[in-house]
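# Remarks on the overall topology
As a plain string of letters, each chain reads:
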Amino acid sequence: MNSAAAQETGESHARLSPLDVEPIDEGDERWYSNDYYLVAPYTTDLQFIRQWHHDDSNGSPPIALCTTGGKLNWDYITTQGGNDQFYDLGAYPTNKWFHVTIHLKLSSGSDGLSEVWVDGVKKMSLKGPNKFKGLKNLEMIGIYHWQWKATSYGRDQSTTIYIDNAKEWKPQ
């Protein structure tokens with residue numbers, strides 16, 4: 001997937017998501033995994049590469065895996081319209097495959113859980129809100145860079161990412 005396609009059409013994303021994605025809601029638990037390959041030079045601008053966007057099209061997603069400043073980060077917002085908070089998951093490699101596994105228990109309350117492993121090493125476990133009250137979430141995979149659509153900012157930067165072995169499963 002490549003930023004050029006999104007930029008040519010004036011879109012803010014190049015997305016690899018099935019059209020029949022089942023929304024996830026309060027109390028739902030899911031596991032996700034996939035492999036990423038970021039082609040150098042890879043932008044240092046903020047880009048979501050996997051997100052769980054709420055079903056209200058306005059605003060940022062409550063949780064997302066993103067890249068920024070040479071780091072892989074977990075981006076989370078605990079209240080709709082609130083400020084982004086970033087959890088540093090470490091530097092991301094370029095020109096090399098890496099594997100990410102994510103475990104979520106969605107909640108707008110204190111019983112929410114977000115966990116992330118990179119190449120089998122647990123990098124994060126956060127308890128607390130990870131969805132907005134009253135809204136469902138839709139999982140999306142791809143490159144999302146809001147400024148591609150908003151302005152000409154960053155349009156001269158080429159970003160290529162390969163995604164493989166994308167999986168989602170519910171615990172039994």
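The structure under discussion appears in the preceding block.
Reading the values: the criteria
Residues numbered from 1 in each chain as written. Predicted model: local features only at pLDDT ≥ 70, side-chain atom pairs only at ≥ 80, totals over all residues. Heavy atoms only, no water. Phe/Tyr/Trp six-rings, centres within 6.5 Å; stacked < 30°, edge-to-face > 60°. Helix = DSSP H or I, 4+ residues; strand = E, 2+ residues; numbered from the N terminus. Buried < 20%, exposed > 50% of the residue type's maximum accessible area, 1.4 Å probe, protein only. Pairing = 2+ DSSP bridges. Axes fitted to C-alpha atoms, helices over the stretch in contact; angles between N-to-C directions. Salt bridge = Lys/Arg side-chain N within 4 Å of Asp/Glu carboxyl O. Core = buried A, V, L, I, M, F, W, Y, C linked by side-chain atoms within 4.5 Å. Contact = heavy atoms within 4.5 Å.

Glancing now at the packing of aromatic side chains. Under the criterion given, the structure shown has eight aromatic pairs. Ring centres 5.5 Å apart and planes at 25° place the aromatic pair tryptophan 31 and tryptophan 117 in the stacked group. Residue tryptophan 31 is located in strand 2 (residues 29–38), and its partner tryptophan 117 is located in strand 8 (residues 113–118); the two are separated by 86 residues in the primary sequence. Taking relative accessible area as the criterion, tryptophan 117 reaches 19% and is therefore assigned buried.

In space, the five strands of this open sheet follow the order 9-8-7-2-11, with antiparallel pairing throughout. Pairing within the sheet leaves two strands with one partner each, and these edge strands are strand 9 (121–127) and strand 11 (161–169). Taken pair by pair, the neighbouring strands of this sheet meet at an average axis angle of 15°, ignoring direction.

Bringing the pattern of salt bridges into the picture now. Evaluation of the coordinates by the stated rule reveals six salt bridges. For the salt bridge of lysine 131 with aspartate 25, the shortest nitrogen-to-oxygen distance reads 3.8 Å. Taken together, the residues span a long stretch of sequence, with lysine 131 in the loop between strand 9 and strand 10 (137–144) and aspartate 25 in the loop between strand 1 (13–15) and strand 2 at a distance of 106 residues. A residue is classified by how much of its surface remains accessible, and aspartate 25, at 27% relative accessible area, is partly exposed. A salt bridge links lysine 131 to glutamate 26; its shortest N-O distance comes to 3.9 Å.

Residue proline 41 follows alanine 40 across a cis peptide bond; omega there is -5°. Residue position: proline 41 is located in the loop between strand 2 and strand 3 (47–54). Of note, asparagine 95 is a non-glycine position whose phi angle comes to about 55°, a positive value. Position of asparagine 95 among the secondary structure elements: in the loop between strand 6 (85–91) and strand 7 (97–105). Of note in this structure, asparagine 165 is not a glycine but carries a positive phi near 55°. Following the sequence through the fold, asparagine 165 ends up in strand 11. Overall, asparagine 165 belongs to the partly exposed group, its relative accessible area being 39%.

Right, let's get into the nonpolar core. As a rule of thumb, soluble globular proteins bury nonpolar side chains together. By size, the foremost hydrophobic cluster in this structure holds 27 residues, and its most contacted members are Leu65, Leu72, Trp74, Val100 and Ile102. The dominant element in this core, judged by the number of residues it contributes, is strand 7, at four residues. Among all residues touching valine 100, those that are not within four sequence positions of it are Tyr32, Ser33, Asn34, Tyr36, Leu65, Leu72, Val116, Trp117 and Val118.

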